[in-house]
Amino acid sequence: MGKVYKKVEAHIKERIDYDTYCDICGCELYDDGTQTEVNMEAKIGDSYPDCDCRVLHMVDICGGCFIEKIKPLIETTFNIKFQVMDNDERFSYDRLYRQQEEAKDNPCVNIGESRGKSEI
Ligand SMILES: [Zn+2]
């Protein structure tokens, strides 16, 4: 293991071991007893089966800062609206998304849709 790799690994371990605080208001995340999750990250670059070469960009944001600051800022800056789903909608969305992904991996699932077409 190279010196640089050891240094990077130590830095990452330090980040994981410490409590996480909101980068905006400084409150401790995951310490309020709620199950709130705010995931603001992007993985930019290429990923291959044997190498994920993407660069991770992330910030730690609490639920309050997301709702009160980040969401309105993004919506007004870019004139877009976040999709908001309640539990029923979210579970339906997740289930249908999973079915679509499984259908992509397993062409047999689409047999009903391709009836009448012959592919050789
Ligand atoms: Zn905050």
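Residues numbered from 1 in each chain as written. Predicted model: local features only at pLDDT ≥ 70, side-chain atom pairs only at ≥ 80, totals over all residues.

Draft legend 1. The overall build of the chain, seen in detail. Helix and strand counts for the chain stand at three helices and four strands. The order of helices and strands in the chain, counted from the N terminus, is α-β-β-β-β-α-α. Going through the 120 residues of the chain one by one, you find that 2% of them count as buried. (Helix = DSSP H or I, 4+ residues; strand = E, 2+ residues; numbered from the N terminus. Buried ≥ 20, exposed ≤ 12 C-beta atoms within 10 Å, placed from the backbone.)

Draft legend 2. Structural detail: the pairing of strand β4 (residues 55–59). Counting buried positions over the five residues of β4 gives zero, only a small fraction of the element. Pairing between strand β1 (residues 40–44) and β4: five bridges, direction antiparallel. Directly across from Glu 41, in β4, lies its bridge partner Met 58. (Pairing = 2+ DSSP bridges.)

Draft legend 3. Expanded view of helix α2 (residues 63–78). With 16 residues, α2 extends 21 Å from end C-alpha to end C-alpha; this agrees with the ideal 22 Å at 1.5 Å per step. Along α2, the sharpest kink reaches roughly 35°, centred on Ile 70 and followed within four residues by the proline Pro 72. Looking at the residues trailing α2, positive phi occurs at Asn 79, about 55°. (Expected span 1.5 Å × (residues − 1). Bend = angle between axes of the 7 residues up to and from the residue.)

Draft legend 4. The confidence of the model for the chain, seen in detail. Here the chain shows a mean pLDDT of 84. Residues at 70 or above account for 82%. Taken element by element, the chain is modelled with least confidence in helix α1 (residues 3–17), mean pLDDT 72, and with most confidence in α2, mean pLDDT 96. (pLDDT = per-residue confidence, 0-100.)

Draft legend 5. Region of the structure containing helix α3 (residues 87–105). Look at α3: 27 Å from first C-alpha to last across 19 residues, which is about the 27 Å you get at 1.5 Å a residue. By the criterion of burial, α3 is predominantly exposed, with just zero of the 19 residues buried.

Draft legend 6. Summary view of unusual backbone geometry. At Asn 79, a residue that is not glycine, the phi angle is positive and equals roughly 55°. With respect to the element layout, Asn 79 can be found in the loop between α2 and α3.

Draft legend 7. Examining the environment of Tyr 21 more closely. Residue placement: Tyr 21 occurs in the loop between α1 and β1. The exposure class of Tyr 21 is partly exposed, given the 14 C-beta atoms found within 10 Å. Counting along the chain gives 39 residues from Tyr 21 to Asp 60, while the straight-line C-alpha distance between them is 6.6 Å. Ignoring sequence-local partners within four residues, the contact set of Tyr 21 consists of Gly 26, Cys 27, Glu 28, Leu 29 and Asp 60. (Contact = placed C-beta atoms within 7 Å.)

Draft legend 8. The environment of Lys 81, seen in detail. Residue placement: Lys 81 occurs in the loop between α2 and α3. Accessibility expressed as a C-beta count within 10 Å gives 9 for Lys 81, which makes it exposed. Sequence separation of Lys 81 and Lys 71 is ten residues, and the distance between their C-alpha atoms is 8.6 Å.

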